[in-house]
Amino acid sequence: VTQMRRREFISGAVTAPLLAQAGGSMSVPLPNARWLENGLIDAGGSHEGYLFVTRRGGERLDAHDSYERTQSEELIVRLKSQGIEVFHTHLYKGFGMAAERPEMEDARRVAAIAHRHGLKVDNYIQWNTMMYETFFAEEPRAKDWVQRDQLGKPILLTYGYQQSFRYRPCFANPDYLDYLKKIVRYAVAEVKTDFIHFDNFDLNAEPDSCHCPHCVAGFRRFLNEKYSPTRRKERFGFENVDYVNPPEWNLGNPPQRMQIIFDPAIQEWIDFRCEVMAGALRQMAAFTKSLNPEVAVECNPHGINGGNRAWEAGLDHTRFLKSTQVFWTEEPNDPGLMPDGRLVSKIRSYKLARAFNNILLAYTSGHPLETAESLAFNQTIGYAGIDPLRPHMLEYIAFYRRWRELFLKTVDAGDVAVLRSYASITYNHARAQLSAILAEQALIQARAQFDLIFEEHLADLSKYRVLALPDSECLSDAQLASIRHFVESGGGLVAIGQAGLY
């Protein structure tokens, strides 16, 4: 495993094309939607339009009646009376704006009703699907916007081995991003949305990564502009990377068998995919804020659930959570105590959200313990569910609204910091990820107050008494200097396993 050099990339060596894609410097903060400072209580009907549920199949015969009920004024009034403050509804699923125009107009009508009753509006936009059967009919150029695998075949977003009509678009393709901006513009200018929910925010795992011309050329440009010729020679053994391709796989070399990723080109490809996704979201968030800075931007990438999200999905939370104020997790870690004493929870994901000043949305309406965990670690209700709301959720909403001032603008009191090292977890994912999870688990079950921190937080550790490095193998010289300064200033250090090996 090579020594991490990502710090210099973040601090100034970002490529011009990726900066343009990102809508400006990643380090420049976007304006926040100020109304979220008052917390979030979000609920609604369904975000699925009738067109999608029909094409998906297997729906009830009264599906259209259900579609109408989920956006009725009666439902909106009832939710408001129960304490809901943001109404979640549909807008765009991926069939193309022409095919979905009637339902998008429904969303505009429903938003006006919700606003008239004093609610904010949360609109669903499908980030990662082109339903090609209708999309290509509207926009023939879109055939060139599709993610394609190493054999040139379209990459699919499937559910339950079905829905093969869903192609994944390429986020390195500026034409697709321009199309997505049209949907965002409609949401902000026409619907007057207060909150955009981008669903399916991820990429397929290898071997289903995009090898289209935009990604191949973008990857080579990424390497050329990230490293000087001298550094490229150090990294790869040669300077000219104009013929480096994304990694390819075959039956004898399946990607799932890798536990340690030491090939520098594969490491850089993972980094490139993370940068493309973060840059695309940054561009959409910046465009949204240019139309109305009070619109909140949210995405659905999941939280910390034991998977290596950078490797398997092209996602590095530390990059894209700077473009959001809210994010979703659909991880299955419902809180509970196992017979052998293990505590299952979503605490890691809540702490991830707090580390980047985000609110976490999760399915918390199934059991009172889920709602209690959200309120304790999220400091707000978040997502309350769909109509009809459960009795315990109504009790928690009433409790939160009564004591809201005790939750707002709170700061976590953790005096222990646990480092989640991007390079360590991404490139030696089984060992380093497990070590981080076990360190966190020990602190959770000991009821210790701790924060999750990431490489960028090492620059200022003054808040903490103790820093834990759970198999944080890859540490740069600058990171080691920060850790050394922390210890010399009186801080405690817990170095676990192979911390600092590289």
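Now for a quick tour of the structure.

Conventions and cut-offs
Residues numbered from 1 in each chain as written. Predicted model: local features only at pLDDT ≥ 70, side-chain atom pairs only at ≥ 80, totals over all residues. Heavy atoms only, no water. Helix = DSSP H or I, 4+ residues; strand = E, 2+ residues; numbered from the N terminus. Rg over C-alpha atoms; globule rule 2.2 N^0.38 Å. Buried < 20%, exposed > 50% of the residue type's maximum accessible area, 1.4 Å probe, protein only. Contact = heavy atoms within 4.5 Å. Areas by Shrake-Rupley, 256 points an atom, 1.4 Å probe, with all protein chains shown as cover. Lys, Arg positive; Asp, Glu negative; His and termini not counted. Charge placed at Lys NZ, Arg CZ, Asp CG, Glu CD. Salt bridge = Lys/Arg side-chain N within 4 Å of Asp/Glu carboxyl O. Pairing = 2+ DSSP bridges. Axes fitted to C-alpha atoms, helices over the stretch in contact; angles between N-to-C directions. Core = buried A, V, L, I, M, F, W, Y, C linked by side-chain atoms within 4.5 Å. Polar contact = N/O pair within 3.5 Å; in protein donor to acceptor, adjacent residues only side chain to side chain. Phe/Tyr/Trp six-rings, centres within 6.5 Å; stacked < 30°, edge-to-face > 60°. Lys NZ or Arg CZ within 6 Å of the ring centre and 35° of its normal. Patch = residues over 30% accessible without salt bridge, like charges linked within 9 Å, V, L, I, M, F, W, Y side chains within 5 Å.

**Let's talk about the overall build of the chain**
Piece 1. Each helix and strand counted, the chain has 19 helices and 16 strands in total.
Piece 2. Over its C-alpha trace the chain gives a radius of gyration of 23 Å, about what one expects of a compact globule, namely 23 Å for 502 residues.
Piece 3. Its C-alpha atoms put the chain at 65 × 55 × 45 Å along the principal axes.
Piece 4. Across the 502 residues that make up the chain, the buried fraction comes to 55%.
Piece 5. In the chain, once contacts between residues fewer than 6 apart in sequence are set aside, the share between residues at least 24 apart is 78%.
Piece 6. When the accessible surface of the chain is summed, it comes to about 21200 Å², and 54% of that surface belongs to carbon and sulfur atoms.
Piece 7. Between the mean site of the 56 positive side-chain charges and the mean site of the 62 negative ones, the chain shows a separation of 2 Å.

**As for the pattern of salt bridges**
Piece 1. Per the counting criterion, the structure on display carries 32 salt bridges.
Piece 2. Between Arg404 and Glu85 there is a salt bridge whose closest N-O contact spans 2.4 Å. Taken together, the residues span a long stretch of sequence, with Arg404 in the loop between helix H16 (391–402) and strand S13 (416–419) and Glu85 in the loop between helix H5 (73–81) and strand S2 (86–92) at a distance of 319 residues. Considered together, Arg404 and Glu85 belong to a single accessibility category, that of buried residues.
Piece 3. For Asp271, the salt bridge goes to Lys226, with nearest N and O atoms at 2.9 Å. Note that Asp271 is positioned in helix H11 (residues 264–291) and Lys226 in helix H9 (residues 213–226), a separation of 45 residues in sequence.

**Examining the sheet that holds strand S14 (residues 450–453)**
Piece 1. Spatial strand order, S14-S13-S15-S16: four strands in an open sheet with parallel pairing. Either end of the sheet is taken by a strand with one partner, and the two such strands are S14 and strand S16 (492–496). If you compare each strand with its neighbour and ignore which way they point, the axes differ by 20° on average.
Piece 2. Both strand S15 (residues 466–470) and S16 contribute to a ladder of five bridges, which runs parallel. Within S16, the position partnered with Leu469 by the bridge is Ala495.

**With respect to unusual backbone geometry**
It is generally the case that most residues other than glycine have a negative phi and that most peptide bonds are trans.
Piece 1. The omega angle of the peptide bond from Glu206 to Pro207 is 10°, so this bond is cis rather than trans.
Piece 2. As for its placement among the helices and strands, Pro207 is situated in the loop between strand S6 (195–199) and H9.
Piece 3. Each neighbour pair has its own omega, and for Asp387 with Pro388 the value is 0°, a cis peptide bond.
Piece 4. In this structure, Asn200 takes a positive phi of about 55° despite not being glycine.
Piece 5. Within the secondary structure layout, Asn200 lies in the loop between S6 and H9.
Piece 6. Judged by relative accessible area, which is 10%, Asn200 ranks as buried.
Piece 7. For Gln379, which is not glycine, the phi dihedral falls at a positive 65°.

**Structural notes on the nonpolar core**
Piece 1. Among the nonpolar cores identified, the biggest contains 98 residues, and Leu91, Tyr92, Ile125, Trp127, Phe171 and Phe198 are the most heavily contacted of them.
Piece 2. Ranked by residues supplied to this core, first place goes to H11 with twelve residues.
Piece 3. Those residues in contact with Tyr92 that sit more than four places away from it in its chain are Met97, Glu100, Met104, Tyr124, Ile125, Gln126, Phe135, Tyr179 and Ile183.

**Thoughts on the pairing of strand S1 (residues 41–44)**
Piece 1. Of the two faces of S1, both are covered, the one formed by Ile41 and Ala43 as well as the one formed by Asp42 and Gly44.
Piece 2. Where S1 meets strand S12 (residues 382–386), four bridges bridge the pair, whose relative direction is parallel. Bridged to Gly44 within S12 is Ile386.
Piece 3. With three bridges connecting them, S1 and S2 associate as parallel partners. When the sheet's bridge partners are listed, Asp42 is paired in S2 with Val86.

**Details of the environment of Thr54**
Piece 1. Locating Thr54 in the fold gives a position in helix H3 (residues 50–56).
Piece 2. Note on Thr54: relative accessible area 45%, which makes it partly exposed.
Piece 3. Along the primary structure Thr54 and His64 are separated by ten residues, whereas in three dimensions their C-alpha atoms are 9.0 Å apart.
Piece 4. Within the structure, the side chain of Thr54 is placed 2.8 Å from the backbone oxygen of Tyr50, a separation counted as a polar contact.

**Observations regarding the packing of aromatic side chains**
Piece 1. Counted by the stated rule, this structure contains 25 aromatic pairs.
Piece 2. Ring plane angle 75° and centroid distance 6.3 Å describe the contact between Tyr422 and Tyr427, whose orientation is recorded as edge-to-face.
Piece 3. Among the residues examined, Tyr427 registers a relative accessible area of 4% and is labelled buried.
Piece 4. The ring of Phe52 is capped by Lys93, whose NZ or CZ atom sits 4.4 Å from the centre of that ring.
Piece 5. Positioned above the aromatic ring of Phe450, the side-chain terminus of Lys351 is 4.4 Å from the ring centre.

**Structural notes on a nonpolar patch on the surface**
Piece 1. On the surface, a cluster of nonpolar side chains totalling about 300 Å² of accessible area is made up of Phe399, Trp403 and Leu406.
Piece 2. Within the element layout of this structure, Trp403 appears in the loop between H16 and S13.

**Focus on the side chain of Arg235**
Piece 1. Checked against the element boundaries, Arg235 lands in helix H10 (residues 229–236).
Piece 2. Of note is the side chain of Arg235, whose polar atom sits 3.3 Å from the side chain of Tyr227.

**Considerations on the side chain of Thr129**
Piece 1. Position of Thr129 relative to the elements: it lies in the loop between strand S3 (120–126) and strand S4 (130–131).
Piece 2. In this structure Thr129 comes out as buried when scored by relative accessible area, which is 0%.
Piece 3. Looking at Thr129, its side chain comes within polar contact range of the side chain of Gln126, at 3.4 Å.
Piece 4. Among the polar contacts made by the side chain of Thr129, one reaches the side chain of Arg166 at a distance of 3.1 Å.
Piece 5. Filtering out sequence-adjacent residues up to four positions away, Thr129 remains in contact with Lys93, Gly94, Leu157, Arg166, Tyr167, Pro169 and Tyr176.

**Looking at the pairing of strand S7 (residues 296–299)**
Piece 1. Residues Ala296 and Glu298 point to one face of S7 and Val297 and Cys299 to the other, with burial holding for every one of them.
Piece 2. The sheet contact formed by S7 and strand S8 (residues 326–328) spans two bridges and is parallel. Counterpart to Glu298 in the pairing with S8 is Val326.

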